[in-house]
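# Understanding the architecture of this molecule
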Amino acid sequence: MPEKIMESFQVKSLQILDEKGEADRALMPSLEENDIRTIYEFLLLARAFDERALALQREGRLGTYASIRGQEAVQVGSAYAMEKNDWVFPSFRESGMHIARGYPIHMLYQFWAGDERGLASPPDLNIFPVCISVSTQIPHAVGAALAAKYKKDNIAVITFFGEGATSKGDFNEALNIAGVNKAPVVFICQNNQWAISVPLSKQTASKTLAQKAFSYGFPGIQVDGNDVFAVYRTAKEALEKARAGGGPTFIECFTYRISDHTTADDASRYRKKEEVEEWEKRDPILRLRLHMEKEGMAGGDFFEGAAKRAREKIDEAVSRAESIPPPDPADMFTFTYKELTPRQMKQMKGLGHGGT
Amino acid sequence: MVQAINLALHEEMMRDVDIIVLGEDVGRNGGVFRVTDGLMDKYGPERVMDTPLAESGIVGMAIGMAAYGLKPVAEVQFMGFIYPAIDQLYTHAARLRSRSRGRFTCPIVVRTPYGAGVKAIEIHSESTEALFCHMAGLKVVVPSTPYNAKGLLVSALRDNDPVIFLEPTRLYRMIKEEVPEGPYTLPLGKARMVKSGKDLTIVAWGSMLHRAVNAAQDKSADVIDLMTLRPFDEEAIMESVKKTGRLMIVEEAQKTGGFASEISATVSEEAIFYLRAPVMRVASPDVVLPFPKLEGYYMPDTAHIKEKIEEILRY
């Protein structure tokens with residue numbers, strides 16, 4: 001018996017919009033100019049949200065916060081590709097997705113300020129509470145996708161995680177189950193190069209993360225995560241494929257975490273300033289603006305207006321979040337079970353202390 | 001008990017199309033103990049899913065299904081294999097309702113055979129139920145007879161919160177009794193009085209219940225089958241202890257940190273002036289669960305419980 005090739009695969013990488021704002025017309029997704037302006041406004045709003053969050057944290061008005069700076073295109077591009085009824089299972093670094101999906105911004109601030117009421121997705125949005133424990137949300141996405149398939153609902157599920165999550169067991173278990181059952185799910189990996197202080201090279205020996213998908217029996221693709229067109233196009237195709245019964249897709253979005261891991265971290269301890277500066281040149285918002293200017297889609301008035309609108313929305317969200325009275329201490333009992341246990345009822349009555 | 005649980009699943013799946021059974025070998029094979037026998041033939045592979053070998057994935061997937069609106073029943077083949085899924089149970093199942101402020105809920109049932117006494121290979125005889133009792137948001141149920149296994153499982157399947165349903169392996173085929181056709185429920189959180197008396201209260205659950213009943217045969221004792229460990233029926237225990245003045249808890253798990261400790265502490269806090277004797281726990285020793293050759297020395301047996309009964313009655 002001669003040796004034979006059992007399987008081979010090729011990993012593609014997609015970029016449509018380069019750092020100079022030049023777009024490959026042949027690859028451009030079908031987006032109207034109006035869509036592109038809307039996407040730009042979402043990107044800007046996400047950036048403004050993030051900058052304000054960092055400022056509020058420094059003033060002690062927000063708790064520990066995980067910045068999304070540099071990763072806005074992944075989040076906004078994929079969110080813009082979703083349909084209204086699609087379900088999302090985020091990790092904790094996708095505020096840009098929340099914003100582009102229409103999640104109330106004041107609730108995001110509320111959550112980061114330590115009020116769990118900020119996690120209660122409005123009834124018309126199917127966004128799971130953010131997931132702090134790395135990779136553990138991925139099986140939920142697969143379960144929901146299989147539930148949708150069982151109920152014959154024409155929806156897709158999308159889940160976000162970082163490159164660090166690909167080292168964990170739940171990632172493997174979930175992708176494997178998704179592959180076996182052809183779950184209508186799209187896996188979006190925000191490969192931002194750093195899991196706190198651990199670089200990609202210490203996370204995996206794989207040349208790409210996208211190639212991991214092939215071992216689960218479905219395609220993986222790498223896209224330039226700072227290119228909103230590449231993200232949008234790839235996510236849109238993957239979601240449509242999922243809805244049509246074509247099974248899962250893994251999208252590795254190659255991007256960079258410009259900020260520290262969280263406000264409790266100091267990235268200067270483990271990475272060089274030059275590296276960050278290199279990535280700042282590839283900024284996702286800047287390159288879209290260059291493109292829009294080149295193509296004559298928008299001029300100075302629009303960009304100034306967009307910045308003003310973003311600022312106003314953020315001002316409004318912050319003041320709304322900060323005007324919400326703190327939760328009633330008894331609230332912590334309310335949602336443990338559907339009904340209070342006899343012991344909880346007694347404990348609730350004893351809630352006279354605390355509050356410091 | 002295997003047939004009773006199987007019957008409950010059959011009848012409830014007939015009643016509610018949102019019930020999905022998933023786990024390793026639950027489909028074609030009907031489960032390694034045949035608890036899910038015949039379900040796949042009747043309800044098809046969409047509702048009775050043979051999953052890859054992935055406990056965390058199974059429970060995690062069940063959480064996503066439940067949040068979406070299904071009623072998944074996940075089987076973990078043996079309790080000794082549930083530990084990879086504890087992350088999912090603690091981090092998500094238990095808190096989903098709370099951290100989403102009721103926007104999403106997690107009405108899953110996780111079934112797993114548990115306990116020693118069947119001469120199984122290592123890791124197949126665990127009784128670490130106390131681990132699950134320590135987490136607010138979970139409910140923990142342990143049946144002791146075919147009749148209550150069916151009624152409790154039907155309740156678990158209709159409950160709105162995550163339920164860990166622990167099936168004592170030793171009882172799967174040990175106790176025979178008629179189980180009525182058609183669904184009936186036994187309320188979660190309620191204990192049952194198996195035997196009534198005046199000198200002593202014995203609390204037990206699962207496989208230890210039967211040994212406790214045997215040991216107390218010729219004594220005037222209340223024997224309480226706890227059935228739900230979280231939330232447990234404090235009222236039934238208090239009422240009985242106030243009457244008898246003596247409390248013994250019999251559990252199969254090792255003594256330190258076992259659920260008996262919680263019951264003991266509760267009674268000490270609430271009813272110490274009614275006690276005529278120290279609260280006594282009969283439990284397994286603090287050792288790594290031995291292999292089958294020594295299993296008989298490990299778990300409490302009837303003689304052991306009898307000795308303790310004599311001791312507590314001397315007070």
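Since we're looking at a predicted model, the values are computed, not measured.

### With respect to the domain arrangement of chain A
How large an interface is tends to be reported as the accessible area lost when its parts come together. By the assigned domains, chain A splits into domain 1 (15–264 + 271–325) and domain 2 (332–356). For domain 1 of chain A versus domain 2 of chain A, the separation of C-alpha centres amounts to 37 Å.

### Quick notes on the pairing of strand 8 (residues 200–204) of chain B
All names here are of chain B. Of all five residues making up strand 8, five are buried, and the element is well covered by its neighbours. What you see with strand 8 is no split at all: Leu 200, Ile 202 and Ala 204 on one side and Thr 201 and Val 203 on the other are buried throughout. Both strand 8 and strand 9 (residues 221–225) contribute to a ladder of five bridges, which runs parallel. Residue pairing for strand 9: Leu 200 is matched across the bridge by Ala 221. For the crossover that starts at strand 8, traverses helix 8 (residues 207–215) and ends in the parallel strand 9, the hand is right-handed. Inspection of the sheet shows strand 8 paired to strand 11 (residues 247–254) by four bridges, in the parallel sense. Pairing of Ala 204 across the sheet is with Val 250, part of strand 11.

### Re the sheet that holds strand 3 (residues 157–162) of chain A
Residue and element names in this part refer to chain A. Spatially, 1-7-8-4-3-2 is the arrangement adopted by the six strands of the open sheet, whose pairing is parallel. The open sheet has two edge strands with one neighbour each: strand 1 (13–14) and strand 2 (87–89). Sheet topology places strand 1 next to strand 7 (residues 220–224); two bridges connect them, and they run parallel. Bridging across to strand 7, Ser 13 finds its partner in Gln 222.

### Description of the sheet that holds strand 12 (residues 280–284) of chain B
Residue and element names in this part refer to chain B. Strand order across the open sheet formed by five strands is 7-9-8-11-12, with mixed pairing between neighbours. With partners counted over all chains shown, the strands left at the sheet margins are strand 7 (192–195) and strand 12, one partner each. Strand after strand, the sheet turns through a mean of 25° between neighbouring axes, direction not considered.

### Quick notes on the domain arrangement of chain B
Residues and elements named next belong to chain B. Domain boundaries in chain B define domain 1 (2–171) and domain 2 (192–313). Here the C-alpha centroids of domain 1 and domain 2 sit 26 Å apart. Taken together, the contact pairs 26 residues of domain 1 with 21 residues of domain 2. For the side of domain 1 that touches domain 2, the secondary-structure elements that each account for two or more residues are helix 6 (129–133), strand 5 (139–141), helix 7 (146–158) and strand 6 (163–168). Each residue belonging to the side of domain 1 that touches domain 2 can be placed in one class, and the counts come to 13 nonpolar, seven polar and six charged.

### Some points on the packing of helix 2 (residues 72–81) of chain A against helix 8 (residues 228–243) of chain A
Residue and element names in this part refer to chain A. The geometry of helix 2 relative to helix 8 is characterised by a closest axis approach of 8 Å and an angle of 40° between their N-to-C directions. As the angle between them shows, helix 2 and helix 8 are arranged oblique. For the pair helix 2 and helix 8, the crossing hand works out as right-handed. Seen from helix 2, the contacting residues are Ala 73, Val 74, Val 76, Gly 77, Ser 78, Tyr 80 and Ala 81; seen from helix 8, they are Val 228, Val 231, Tyr 232, Ala 235, Lys 236 and Leu 239. Among the residues forming the contact of helix 2 with helix 8, the class breakdown is ten nonpolar, two polar and one charged.

What counts and what doesn't
Residues numbered from 1 in each chain as written. Chains lettered and ligands numbered in written order. Predicted model: local features only at pLDDT ≥ 70, side-chain atom pairs only at ≥ 80, totals over all residues. Domains from an automatic or database assignment. Buried ≥ 20, exposed ≤ 12 C-beta atoms within 10 Å, placed from the backbone. Helix = DSSP H or I, 4+ residues; strand = E, 2+ residues; numbered from the N terminus. Pairing = 2+ DSSP bridges. Right-handed = clockwise from strand over helix to strand, strands pointing away. Axes fitted to C-alpha atoms, helices over the stretch in contact; angles between N-to-C directions. Contact = placed C-beta atoms within 7 Å. Nonpolar A, V, L, I, M, F, W, Y, C, P; charged D, E, K, R; others polar. Parallel < 35°, antiparallel > 145°, perpendicular 65-115°, else oblique. Left-handed = near helix turned anticlockwise from the far one by under 90°.

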